[in-house]
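So you can see what is in the structure, the chains are spelled out below.
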Amino acid sequence: MGKLDITKATRPTRARVGGTDRDRAERFRARFPPAAKRSFYIRQKILLPNREPPVNPERTEITDVAAMTAEIKKMVRGMGADIVGVAEYDRRFAFTQAGEPADSFVIVFGIGMSFDTMADIGPRSQDEVHRVYYRLDDIGVRLAQQIAAYGYPAAMQPNEGDIPLPALAWLAGLGELGKHGSLISPELGSSFRLGAVTTRMPLRSDGPKDAGIDEVCTSCAMCTRFCPGDAIKPDKQTINGILRWHVDTPACEPYFHKLYGCKICLMVCPLNSRGIFGENFKLAAKVLVKAKDAKGMLKLIEEGNDMHYEDFGDGEAVK
């Protein structure tokens, strides 16, 4: 995704959070471990209602945009983010449900997820996902408050917000879209999550960067081979006017709900070996050799977590 042609891009429509099958989505949320439920509660009931703080009427004029951008990035890292970048708010990358965006810039940031916890796939991984999402939303709310204090409108953008986070993260130079449909970071590999703040504060954008990730994905088939739903295809498709990697969401959803959010494709990605989780991935690679493919991986997960897929009422049980 380092060299994308976005000249014909059209605005995407946000899919329903949790998937198209409401019953399956409700059962998925009911299985959240206690820690994940607490993080989800804070996000939905406390942070989300406060995502757009009131703006200070006494505006501080920004005379040095580069210095202000550097200060914002320093602030975000100080709040706990591992990576941060700035993108111009291209309206073609706002969900259609967002109306007509008035903001000018997007500050996008990411936090790495514990690789060994995520590779577990079971309940612990669900706790980790929601712990990180909570931290991202918390950073977003605090950052929006700081920007509002300068006298500029700002809004925290959660995972289910107004923008497709991977697209804006690409525009902010944080990575490239992987074959598995998620952003891959040179620093964090595939084991991380994203958050963002949109604002009218004048900032300097970073722009997309080519880290050679797209070339790796073109010749790699790990996520395709290990996807239990056969949802990851070997060829790019034109989606919303852009030729890019695309995941068959309906094929992914059943396993996403069964496997505590699944994440197999993120964990098997060899680009994890390049970033801060390199040593952990080396250990995981031995498991991948043993599993060989999706069927073998599902069997190992079922044995390790006492999970029985036939109990969830759809999809094939592992034999």
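A quick note: this is a predicted structure, and the numbers were derived from the prediction, not measured.

Trainee: Tell me what's going on with the packing of helix 1 (residues 22-30) against helix 9 (residues 249-258), and back it up with residues and numbers.
Mentor: For the pair helix 1 and helix 9, interaxial distance at closest approach is 9 Å and the crossing angle is 25 degrees. It follows from the interaxial angle that helix 1 and helix 9 lie roughly parallel. As for how helix 1 packs across helix 9, the hand of that crossing is left-handed. Of helix 9, the residues touching helix 1 (which contributes Arg24, Ala25 and Phe28) are Glu253, Pro254, Phe256 and His257. A breakdown of the residues in the contact of helix 1 with helix 9 according to their chemical character gives 4 nonpolar, 1 polar and 2 charged.

Trainee: A description of the pairing of strand 1 (residues 83-88) should follow, citing residues and the corresponding values.
Mentor: Counting buried positions along strand 1 yields 5 of 6 residues, so the element is predominantly enclosed. Note that strand 1 and strand 2 (residues 105-112) share 6 bridges and pair antiparallel. What sits directly across from Val86, in strand 2, is Ile107.

Trainee: Go over the sheet that holds strand 1, please, and point to the residues and values.
Mentor: Pairing is antiparallel across the open sheet formed by 4 strands, whose spatial order is 1-2-6-3. Each edge of the open sheet carries a strand with a single partner, namely strand 1 and strand 3 (154-157). Strand after strand, the sheet turns through a mean of 20 degrees between neighbouring axes, direction not considered. Both strand 2 and strand 6 (residues 192-199) contribute to a ladder of 8 bridges, which runs antiparallel. Note on strand 6: the bridge partner recorded for Ile111 is Arg193.

Trainee: Describe the environment of Lys8, and please don't skip the residues or the numbers.
Mentor: Positionally, Lys8 belongs in the segment before helix 1. Sequence separation between Lys8 and Pro270 is 262 residues, and the spatial gap between their C-alpha atoms is 31 Å. Contacts of Lys8, omitting those with residues within four sequence positions, involve Asn240 and Gly241.

Each value, and the rule that gives it
- Residues take numbers from 1 onward in each chain, read along the sequence in its written order.
- Only residues with pLDDT of 70 or above have their local features reported here, since the model is predicted, and side-chain atom pairs are shown and tallied only from 80 upward, although totals for entire chains, interfaces and linings are computed over all residues.
- In computing side-chain properties, one takes all heavy atoms of the structure into account and sets aside hydrogens as well as water.
- Lines fitted to C-alpha atoms define the axes here, with helix axes fitted over just the stretch in contact, and angles between the N-to-C directions of these axes take values from 0 to 180 degrees.
- Helix numbers and strand numbers start at the N terminus; a helix is a DSSP run of H or I with at least 4 residues, a strand a run of E with at least 2.
- With respect to orientation, any angle under 35 degrees is reported as roughly parallel, any angle over 145 as roughly antiparallel, any angle of 65 to 115 as roughly perpendicular, and every other angle as oblique.
- For any pair of crossing helices, the crossing counts as left-handed if the nearer helix is rotated counterclockwise from the farther one by less than a right angle, and right-handed if it is rotated clockwise.
- Should any heavy atoms of two residues lie within 4.5 Å, those residues are considered in contact.
- Nonpolar residues are Ala, Val, Leu, Ile, Met, Phe, Trp, Tyr, Cys and Pro. Charged residues are Asp, Glu, Lys and Arg, and all others, Gly as well, are polar.
- Only protein chains enter the accessibility calculation, which uses a 1.4 Å probe; a residue whose area is less than 20% of its type maximum is buried, one above 50% is exposed, and one in between is partly exposed.
- We call two strands paired when DSSP finds no fewer than two bridges between them.

Purely spatial values, then, with no claim about function.
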